[in-house]
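Structural overview
Chain by chain, the residues run as shown.
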Amino acid sequence: MAMATARKRAWPPWPPLLFLFLLPGGSCGGCPAVCDCTSQPRAVFCAHRRLEAVPGGLPLDTELLDLSGNRLWGLQRGMLSRLGLLRELDLSYNQLSSLEPGAFHGLQSLLTLRLQGNRLRIMGPGSFSGLPALRLLDLRLNQIVLFLDGAFGELGSLQQLEVGDNHLVFVAPGAFAGLAKLSTLTLERCNLSTVPGPALARLPTLVALRLRELDIRRLPAGALRGLGQLKELEIHHWPSLEALEPGSLAGLNLSNLAITRCNLSSVPFQALHHLSFLRVLDLSQNPISAIPARRLSPLVRLQELRMSGACLTSIAAHAFHGLTAFHLLDVADNALQTLEETAFPAPDKLVTLRLSGNPLTCDCRLLWLLRLRRRLDFGASPPACAGPRHVQGKSLREFSDILPPGHFTCQPALIRKSGPRWVIAEEGGHAVFSCSGDGDPAPTVSWMRPQGAWLGRAGRVRVLEDGTLEIRSVQLQDRGAYICVVSNVAGNDSLKTWLEVIQVEPPNGTLSDPNITMPAIPGPFFLDSRGVAMVLAVGFLPFLTSVTLCFGLIALWSKGKGRVKHHMNFDFVAPRPSGDKNSGGNRVTAKLF
């Protein structure tokens, strides 16, 4: 007995401690054998394990669960409800075709849910119930066709929704109802043919909207009117979008607008003029050929303009005047031969200028750029000269401060050729004045009247593309002087011409007076369907009257039939021959029918 007691006391103290270590750790549980639970604290990685169901025995304190790249085909209600501390769930690239209502019940702490690369088709009410704290939902690369009303109604905390690369053809007007905190929405590479304006109007807190690679032909007026808090709008790769309607951005107060890789042929000034808080405008990769003068002035807070990869051939003088905060211009990879200093309101305030990839002619028009070359940010590739030949291919940064003779020079414009300086034309006739000049750069030809009115390129009196002045249907008030002005950046030259108008006397001997209105010659008369009906009615009435009268006479005749005698009797006595008193005198009775 004493020996047994002594032996019992001799046991070492470690077996009870070992027993404690072998016990499961409270609520944490173990780690499934197919998963990795050691790479990151409170994270379970079960990606690419060919799983067909969610493994059991997941630690209850898991905050990140990665089940991507498996063969999961469905999620049943309550399957993950024990993971109340889960913050991020990755179910991407599985075979999920549907989500049972309540599949995510119990995940009240979940912030991120990734479902891209599955086979989901229809999103209806209850699909995401039980996720009150969810902030990011990724549904890209599925086969979703419809978003039904109330599909996201229980995601009141959702801030970012990604819906790219789906078969989406319809978004119900109430599909986004309930997304009271959504700030970013991306719709890209799907089959939408129109912008889902009624559904977007349910997103009052949306800040960024990205509509990429869609086959949409137009953005209707007021389509985005309900997005009063929207600050960033991106429209990328709409090949069928050729113009932006004047009211298409009505109701918006954007600070960043990008319309890239579309088919716009001109800057949509009328659609942009009300965006007084716009700071960044990106129109890259559109076939826009010119930026005219002062048309951007309503965008008083514009700071950056990006138009790389377009088809720009000219930027007019004063193009950016009125933009006092303007400091970045990206026009790389265009067809610009020059960029004059007068295009900018304050060239010294320009910070960044992307001008590479343009066939620049290095003459006096780029002297200002040469002066600022050390301060300006040209990016990775500074602009280079495409001409003249002696500086071809040379970067602007390679020139020294003291230029050799013949570098960056221009020749002032001079009139070299002109037509008759005195032209006589008859009233109603045709008059033409020609004028051309030489210079480097090539000069422009303009015409004006002595009173200072410049003549345009449209109307009865117009300037043609080659600089010719054309006056059609000459009138008496056209007589007088016309001045040709040939100008370039280095100087100008002018030439005065005169037009004399001969007054034409009409054949009746009276002088022509433009104030007399001649009677108009009536043109061919055509009847419409109403006129034809009236003509037929007018002709039919006399015809009907005649027929009625005839039938009346026939009726009267018919009533007297049988009472009228159609024969008569009369006696005939033959005359006596002359001289014979005793002959003749016989009476003959005859009946006449």
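Residues numbered from 1 in each chain as written. Predicted model: local features only at pLDDT ≥ 70, side-chain atom pairs only at ≥ 80, totals over all residues. Heavy atoms only, no water.

Under an unreviewed UniProt entry, the name given to the protein is Leucine rich repeat and Ig domain containing 4, and the organism recorded is Neovison vison. In its Subcellular location (unreviewed entry) section, the UniProt record describing the protein reads: "Membrane". (UniProt positions renumbered as here; feature names shortened; annotations may be inferred.)

**Quick look at the packing of aromatic side chains**
This model, assessed by the stated rule, comprises 12 aromatic pairs. Centroid distance phenylalanine 128 to phenylalanine 152: 5.9 Å. Interplanar angle 10 degrees. Geometry classified as stacked. A residue pair is termed long-range when its members are at least 10 positions apart, and phenylalanine 128 in the loop between strand E5 (122–123) and strand E6 (136–138) and phenylalanine 152 in the loop between strand E7 (146–147) and strand E8 (160–162) qualify at 24 residues. Residue phenylalanine 128 is classed as buried on the basis of its relative accessible area of 2%. (Phe/Tyr/Trp six-rings, centres within 6.5 Å; stacked < 30°, edge-to-face > 60°. Helix = DSSP H or I, 4+ residues; strand = E, 2+ residues; numbered from the N terminus. Buried < 20%, exposed > 50% of the residue type's maximum accessible area, 1.4 Å probe, protein only.)

**Topic: the state of the cysteines**
Under the definition given, this model contains 5 disulfides. Residue cysteine 31 pairs covalently with cysteine 37 via a disulfide, S to S 1.8 Å. Where cysteine 31 bonds to cysteine 37 through sulfur, the torsion about that S-S bond is close to 80 degrees, and the disulfide is right-handed. Disulfide connectivity for the protein, with bonded cysteines indexed by sequence position, reads 1-3, 2-4, 5-7, 6-8, 9-10. (Disulfide = S-S within 2.5 Å.)

**Observations concerning the sheet that holds E7**
Sheets are built from strands that pair by backbone hydrogen bonding, the pairs being arranged parallel or antiparallel. On the basis of which strands lie adjacent, the open sheet formed by 3 strands has the order E5-E7-E9 and parallel pairing. Edge strands, defined here as strands with exactly one partner in the open sheet, are E5 and strand E9 (170–171). Here 2 bridges tie E5 to E7, and the two strands are oriented parallel to one another. Of the residues in E7, the one forming a bridge with isoleucine 122 is leucine 146. (Pairing = 2+ DSSP bridges.)

**Some thoughts on the nonpolar core**
Grouped together as the largest cluster of nonpolar side chains are 119 residues, with contacts concentrated most on Phe128, Phe176 and Phe320. Every element with two or more residues in this core is listed here: strand E10 (184–188), helix H3 (197–200), strand E11 (208–212), strand E12 (232–236), strand E13 (256–260), helix H4 (269–272) and helix H5 (367–371). Residues contacting phenylalanine 176, with those up to four places away along its chain left out, are Phe147, Phe152, Leu161, Val171, Leu185, Ala199, Leu200, Arg202 and Leu203. (Core = buried A, V, L, I, M, F, W, Y, C linked by side-chain atoms within 4.5 Å. Contact = heavy atoms within 4.5 Å.)

**Details of the side chain of aspartate 66**
Mapped onto the elements, aspartate 66 comes out in strand E2 (residues 64–66). Here aspartate 66 sits buried without a salt bridge, and the closest side chain of opposite charge, arginine 114, lies 8.3 Å off (N-O distance). Setting aside residues no more than four positions away along its own chain, aspartate 66 makes contact with Val44, Phe45, Cys46, Ala47 and Asp90. (Lys, Arg positive; Asp, Glu negative; His and termini not counted. Salt bridge = Lys/Arg side-chain N within 4 Å of Asp/Glu carboxyl O.)

**Re the sheet that holds strand E23 (residues 422–426)**
Overall, mixed pairing links the 4 strands, which are arranged E23-E30-E29-E26 in an open sheet. Only two strands of the sheet have a single partner each, and these edge strands are E23 and strand E26 (444–448). Mean inter-strand twist for the sheet, computed between neighbouring axes without regard to direction, equals 25 degrees. Across 5 bridges, the pairing between E23 and strand E30 (residues 491–502) is parallel. By the bridge assignment, isoleucine 424 is partnered in E30 with glutamate 500. (Axes fitted to C-alpha atoms, helices over the stretch in contact; angles between N-to-C directions.)

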